[in-house]
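# Structural overview
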Amino acid sequence: MFLASWYPNRLDPFLGNFVQRHAEAVSAFADVAVLHVCADPGLQSRFETEAGKEKNIFTVRVYYKKIDSGIPFISFIRKYIRNSKAHLQGYEKIREYFNGDPHIVHLHVALNAGFFALRLNKKPGIPFIVTEHSTEYHAKMPALRLFPAQRICGMAELVCPVSDDLREKMKERGIANHFEVVPNVVDTALFYPESGQARSKKRIIHVSTLKEGQKNASGMLRVIQRLSERRSDFELLIVSDGDIAPAQRQAERAGLLGSVVHILPAQPIEEVARLMRGSDIFLLFSNFENLPCVIAEALCCGLPVVSSRAGGIAEMVNGRNGLLVEPRDEQGLLEQLTIMLDRCDSYDKAELHRSAAEKYSYASAGKKFNDIYSRILHEKGKDR
């Protein structure tokens, strides 16, 4: 059972879509259920449950009425109780569907669903592993979040961060356990190379939430403005499931919107894949990251990458598939983009795809997780 702190839902259809892809990868090897709980401020009743098959995965989402209280401690206690009840309701749906308890719980993002993983671990004694995706470990965590994360991850059979960099960050935060890195995955049936279309301009594509503190969209656009003053043989396409208004305003003030810079709101994943396949270069200029799915997707489409050396990105991008700069180094980004525009046609799209698919395909991650489950269950004497 995937117990997901983050998962696509009706309030945010893109939240934790990388968790959904892990579930899809594992579903080729085992029966999978997903349980996701979240607060809905617009809910009239206390709880509402949605359950059904999604891509061969029995998926349960439980929404609970958001707690509003002027007293923080009381609000925390009430939220914890309501969240726990919501998890129990969803879990019973899964038990009914499979006629019993799951063999193992796969917790994605320790906080806050991990409290329920601890409960299931204690009684009825279901072992669990943790896959961590959160960038929260990159900064100093408040004690009210660090201590629970240490407890939850410490009780797991195994912790599977998505990058080596995140593993080291978790260790620095006092997370004590065995670690095994398993990266994010890409649907290679969607993300694959296509023969280039004849275009008058080379297309640089950027896909992100555009959250300024992390993605540094303003810095990226400043560099694009400077680049446009040097040459006119390129365009930037931005696709975002976040707030695009600030980027639109900045591009418009610079006189770039609609000519050099094109910005699209959230698109279905099939359309994102099509747009990537029709591009020449992928660009990311984040201040911090773990292991961005969008870089793996771009590489699977045969696109060379220009990115900041943030988090686990240096584990993905090297001299054979792209160029790196230090975070916030706008002059460095300008120089590397200039180099990449001149040489992007020299990269072998098929080789970029092959190398990336070997690491990030559903089959690769699904098999790794299935081997982990089997090993843990064998050690526990609970072979499936």
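Please refer to the structure placed before this passage.
The model shown is predicted, which means the values in this text are computed figures rather than measured ones. (Residues numbered from 1 in each chain as written. Predicted model: local features only at pLDDT ≥ 70, side-chain atom pairs only at ≥ 80, totals over all residues. Heavy atoms only, no water.)

With that settled, consider the overall build of the chain. Looking only at helices and strands, one finds 13 helices and 13 strands in the chain. The C-alpha radius of gyration computed for the chain amounts to 22 Å, which stays within 12% of the reference 21 Å derived for 384 residues, consistent with globular compactness. Seen through its C-alpha atoms, the chain measures out along the principal axes to roughly 65 × 50 × 40 Å. Buried positions account for 55% of the 384 residues belonging to the chain. Accessible surface computed for the chain: about 17,100 Å², of which carbon and sulfur atoms make up 50%. In the chain, 51 positive and 46 negative side-chain charges are present, and the distance between their average locations comes to 5 Å. (Helix = DSSP H or I, 4+ residues; strand = E, 2+ residues; numbered from the N terminus. Rg over C-alpha atoms; globule rule 2.2 N^0.38 Å. Buried < 20%, exposed > 50% of the residue type's maximum accessible area, 1.4 Å probe, protein only. Areas by Shrake-Rupley, 256 points an atom, 1.4 Å probe, with all protein chains shown as cover. Lys, Arg positive; Asp, Glu negative; His and termini not counted. Charge placed at Lys NZ, Arg CZ, Asp CG, Glu CD.)

The next point concerns a nonpolar patch on the surface. On the surface, Ile-71, Phe-73, Ile-74, Phe-76, Ile-77, Tyr-80 and Ile-81 cluster together to form a nonpolar patch covering roughly 700 Å² of accessible area. Within the secondary structure, Phe-73 sits in helix α2 (residues 72–98). Judged by its relative accessible area of 59%, Phe-73 falls in the exposed class. (Patch = residues over 30% accessible without salt bridge, like charges linked within 9 Å, V, L, I, M, F, W, Y side chains within 5 Å. Salt bridge = Lys/Arg side-chain N within 4 Å of Asp/Glu carboxyl O.)

This next bit is on the layout of surface pockets. Taken as a whole, the largest pocket encloses approximately 1,300 Å³ of empty space. Of all the elements in the fold, those that place two or more residues in the lining of the largest pocket are α1 (17–26), β4 (57–65), β8 (202–208), α6 (212–215), β9 (234–240), α9 (269–277) and α10 (293–300). Looking at the lining of the largest pocket, the element that brings in the most residues is α1, giving 5 residues. For the lining of the largest pocket, the residue count by class is 22 nonpolar, 15 polar and 12 charged. (1 Å grid on protein atoms, 1.4 Å probe; cavity = no way out; pocket = protein on both sides within 12 Å on 5 of 7 lines; lining within 4 Å. Points joined across faces, edges and corners; volume = space filled by probe spheres on them. Nonpolar A, V, L, I, M, F, W, Y, C, P; charged D, E, K, R; others polar.)

Quick look at a positive patch on the surface now. Together, Arg-46, Lys-65, Arg-78 and Lys-85 line one region of the surface with positive charge. Given the relative accessible area of 37%, Arg-78 is considered partly exposed.

Core analysis: the largest hydrophobic core is formed by 67 residues, its most contacted members being Leu-35, Met-276 and Phe-282. The element best represented in this core is α10, accounting for 6 residues. Counting 32 residues, the second-largest nonpolar core is a separate cluster that includes Leu-236, Ala-247, Tyr-347 and Leu-352. (Core = buried A, V, L, I, M, F, W, Y, C linked by side-chain atoms within 4.5 Å.)

This next bit is on the sheet that holds strand β13 (residues 322–325). Spatially, the 6 strands line up as an open sheet ordered β10-β9-β8-β11-β12-β13, and their pairing is parallel. Unpaired on one side and paired on the other, β10 (261–264) and β13 mark the two borders of the sheet. The sheet shows a mean angle of 20° between the axes of neighbouring strands, direction not considered. Two elements, β8 and β9, share 7 bridges in a ladder whose sense is parallel. Bridge pairing in β9 links Ser-208 to Ser-240. (Pairing = 2+ DSSP bridges. Axes fitted to C-alpha atoms, helices over the stretch in contact; angles between N-to-C directions.)

What follows is about the sheet that holds β4. Sheet architecture is open: 7 strands sit in the order β3-β4-β2-β1-β5-β6-β7, paired in mixed fashion. Since the sheet does not close on itself, it has two edges, and those belong to β3 (47–54) and β7 (158–161), each with one partner. Each strand of the sheet is rotated relative to its neighbour by a mean of 20°, with strand direction disregarded. Of the strand pairs in this sheet, β3 and β4 are connected by 8 bridges, and their pairing is antiparallel. Residue pairing across strands places Thr-49 opposite Val-62, the latter belonging to β4. Against the sheet, α1 makes contact with β1 (2–4), β2 (33–40), β3, β4, β5 (105–108) and β6 (128–132), and its axis sits at roughly 180° relative to β1, the strand it touches most. (Contact = heavy atoms within 4.5 Å.)

Below, the discussion takes up the pattern of salt bridges. Tallying each qualifying case throughout the model produces 27 salt bridges. Across the salt bridge formed by Glu-235 and Arg-203, the nearest N and O atoms sit 3.8 Å from each other. Residue Glu-235 is found in strand β9, and its partner Arg-203 is found in strand β8; the two are separated by 32 residues along the sequence. Classification of Glu-235 by relative accessible area gives buried; the value is 16%. The exposure class assigned to Arg-203 is buried, which follows from its relative accessible area of 17%.

What follows concerns unusual backbone geometry. Residue Asn-112 is bonded to the preceding Leu-111 through a cis peptide linkage, with omega at 15°. Mapped onto the secondary structure, Asn-112 falls in the loop between β5 and α3 (114–122). With omega at 20°, the peptide bond leading from Lys-123 into Pro-124 counts as cis. Here Pro-124 lies in the loop between α3 and β6. One non-glycine residue, Asn-99, lies in the positive phi region at around 60°. For Asn-99, the location among the structural elements is in the loop between α2 and β5. The residue Asn-216 is not glycine, and still its phi comes out positive at about 50°. Here Asn-216 shows up in the loop between α6 and α7 (217–230). You can call Asn-216 buried: its relative accessible area is 7%.

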